[in-house]
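Report on the structure
If you want the building blocks of each chain, they are given just below.
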Amino acid sequence: MILPALAASALALSPAEGLEPPYQALLTAAAAEEDDAIFTNAVSVLALTRSAERIAAGAARISHRHGVTARRILGLPIAPVTPAPEPAVIAVGTDAAMDTAQAAKRDPFWIAAPASAVQLISRAQSELWTGKVRLGVRADSGDTERLDYTLGLGAERELVGWGFETSATYSYSEVDDNVGRDELILKARGEREAGERWTLFSNTEWERDQVSGFDWTGFLGVGAGYRALQGDKVEWTLRAAPGVRYISEVDNGDYLEGAFDLLSDMELQLSDTMRLESETRLLASNSARADQLFRLNTDLGELWSLEVRYRFRYEFDPEPGFEAGDSRTDLALIREF
């Protein structure tokens, strides 16, 4: 009786090998729910394929309390558990794998620590962040008939707790060896969940467009959003934000005015490879305007897609010499990263 007890105690005090990354991620996700029943079920499921000591070591890596709870569920002696380091994800049974593992053990702290931090951050963020580079052409009608070349950059973090999206689009063309368009549009919005359907956000937009009768125009606002529809194939969000509009005109100089931004943003997943987006916007101010934007995106593979975009803008008080309505059509090739 004494020898088995001593052996069990020695096993409990010795560091366990720990769980592989997929199993560790499952156990961590269950612990994050802060529900004892969910954590107990996760431990029980893992026990079907992994050893009790591995599971206990993985739980101890989350916290001391979770380590003790897991040992109690698994029927192990309640004793301090030394969590094992994260196992390396490398091929097993190859000379390269052995060399990599040995090299990792020899790396000094000032090399191993930054490398581990970068790997952890990239693994955690890549699932929420997406980036895009777009290259295309644009055809305008209304104030001018012109074919422009466009270059765009964008980044977006999915709204999980908080979200962020930003974009920059540059358009350029020449007519008879003269610059026909030199336009830059910058947009950014930071958003945070404020309940199951409500959000709070800050929005800013700056646009330089000489064709529209001004040098610069911008808007900065803070408001709230309401996710009217949330489904696998359709999403519809309504946003409203009071703010300030900045306008720089050639004749009237620079000035500020109060404004109110209303936005309807809808996304429809037409098929596995095709998505339609509709954005309706009303910027109410002394020089109010309305925009309607449609985007049809077709996947050309895992990272490439083709986008057709149509925008119609109506200025309620256009500058002299400019039409109230102006439309443009874009065709762009997009690369995601």
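For the structure given in this document, a descriptive report is provided here. (Residues numbered from 1 in each chain as written. Predicted model: local features only at pLDDT ≥ 70, side-chain atom pairs only at ≥ 80, totals over all residues. Heavy atoms only, no water.)

Overview of the pairing of strand β4 (residues 178–193)
In terms of strand pairing, strand β3 (residues 162–175) meets β4 through 14 bridges, oriented antiparallel. Residue F164 lies in a different strand from β4, and its bridge partner there is G190. A loop of 2 residues connects β3 with β4, the two strands running antiparallel in sequence, and D176 in this loop sits at a positive phi of about 55°. As paired strands, β4 and strand β5 (residues 198–208) are joined by 10 bridges and run antiparallel to one another. Its bridge partner being in β5, R189 is matched across the sheet by N203. Counting the residues that bridge the hairpin from β4 to β5 gives 4 residues, and of these G195 lies at a positive phi of roughly 135°. (Pairing = 2+ DSSP bridges. Helix = DSSP H or I, 4+ residues; strand = E, 2+ residues; numbered from the N terminus.)

Details of the sheet that holds strand β11 (residues 304–315)
Around the barrel, which closes on itself, the 12 strands sit in the order β1-β2-β3-β4-β5-β6-β7-β8-β9-β10-β11-β12 with antiparallel pairing between neighbours. Here the average twist between neighbouring strands, direction ignored, is 20°. Strand direction decides the pairing type here: strand β2 (residues 146–160) and β3, joined by 10 bridges, are antiparallel. Residue pairing in the sheet places A155 in a bridge with T166 of β3. (Axes fitted to C-alpha atoms, helices over the stretch in contact; angles between N-to-C directions.)

A look at the nonpolar core
Grouped together as the largest cluster of nonpolar side chains are 11 residues: L19, L27, A30, A31, F39, A42, V43, L46, I55, A59 and A70. Looking at this core, the elements that each hand over two or more residues are α2 (21–32), α3 (36–46) and α4 (52–62). For this core, the leading source of residues is α3, giving 4 residues. (Core = buried A, V, L, I, M, F, W, Y, C linked by side-chain atoms within 4.5 Å. Buried < 20%, exposed > 50% of the residue type's maximum accessible area, 1.4 Å probe, protein only.)

Concerning empty space enclosed by the protein
Per the counting criterion, the structure on display carries 2 cavities of 30 Å³ or more. One number sums up the size of the second largest cavity: a volume of about 40 Å³. If you go around the second largest cavity, the residues you meet are E205, E207, T217, G218, F219, R245, L283 and R289. Secondary structure elements with two or more residues in the lining of the second largest cavity: β5 and β6 (216–230). The leading source of residues in the lining of the second largest cavity is β6, at 3 residues. Of the residues belonging to the lining of the second largest cavity, the class tally is 2 nonpolar, 2 polar and 4 charged. (1 Å grid on protein atoms, 1.4 Å probe; cavity = no way out; pocket = protein on both sides within 12 Å on 5 of 7 lines; lining within 4 Å. Points joined across faces, edges and corners; volume = space filled by probe spheres on them. Nonpolar A, V, L, I, M, F, W, Y, C, P; charged D, E, K, R; others polar.)

Details of a nonpolar patch on the surface
A cluster of nonpolar residues, L270, L296, L300, L303, W304, L306, V308, L331 and L333, forms a patch on the protein surface that exposes about 750 Å² of accessible area. At the level of secondary structure, the elements contributing two or more residues to the nonpolar patch comprise β11 and β12 (325–336). Ranked by residue count, the leading element in the nonpolar patch is β11, at 3 residues. Relative to the elements of secondary structure, W304 occurs in strand β11. (Patch = residues over 30% accessible without salt bridge, like charges linked within 9 Å, V, L, I, M, F, W, Y side chains within 5 Å. Areas by Shrake-Rupley, 256 points an atom, 1.4 Å probe, with all protein chains shown as cover. Salt bridge = Lys/Arg side-chain N within 4 Å of Asp/Glu carboxyl O.)

A look at the environment of Y314
Relative to the elements of secondary structure, Y314 occurs in strand β11. Sequence spacing of Y314 and Q292 is 22 residues, and the spatial spacing of their C-alpha atoms is 8.9 Å.

Description of the packing of α2 against α4
Where α2 contacts α4, the two axes come as close as 10 Å, and the packing angle between them is 50°. Taken as axis vectors, α2 and α4 run oblique relative to one another. In terms of crossing hand, the pair formed by α2 and α4 is right-handed. In contact with Q24, L27, T28 and A31 of α2, α4 contributes I55, G58, A59, R61 and I62. (Parallel < 35°, antiparallel > 145°, perpendicular 65-115°, else oblique. Left-handed = near helix turned anticlockwise from the far one by under 90°. Contact = heavy atoms within 4.5 Å.)

Digging into a negative patch on the surface
On the surface, a cluster of negative charge is contributed by E33, E34, D35 and D36. Mapped onto the fold, D35 is located in the loop between α2 and α3. (Lys, Arg positive; Asp, Glu negative; His and termini not counted. Charge placed at Lys NZ, Arg CZ, Asp CG, Glu CD.)

Some points on the side chain of D330
Its place among the elements puts D330 in strand β12. Looking at D330, the relative accessible area reads 3%, which means it is buried. Within the structure, the side chain of D330 is placed 3.0 Å from the side chain of R138, a separation counted as a polar contact. (Polar contact = N/O pair within 3.5 Å; in protein donor to acceptor, adjacent residues only side chain to side chain.)

Some remarks on the packing of α4 against helix α5 (residues 64–74)
Where α4 meets α5, the closest approach of the two axes is 5 Å, and the angle between their N-to-C directions is 155°. In this view, α4 runs roughly antiparallel relative to α5, as classed from their interaxial angle. For α4 against α5, the interelement crossing comes out right-handed. Contacts between α4 and α5 pair A52, E53, I55, A56, A59, A60 and I62 from the former with H64, H66, G67, A70, R71 and L74 from the latter.

These figures capture arrangement, not role.
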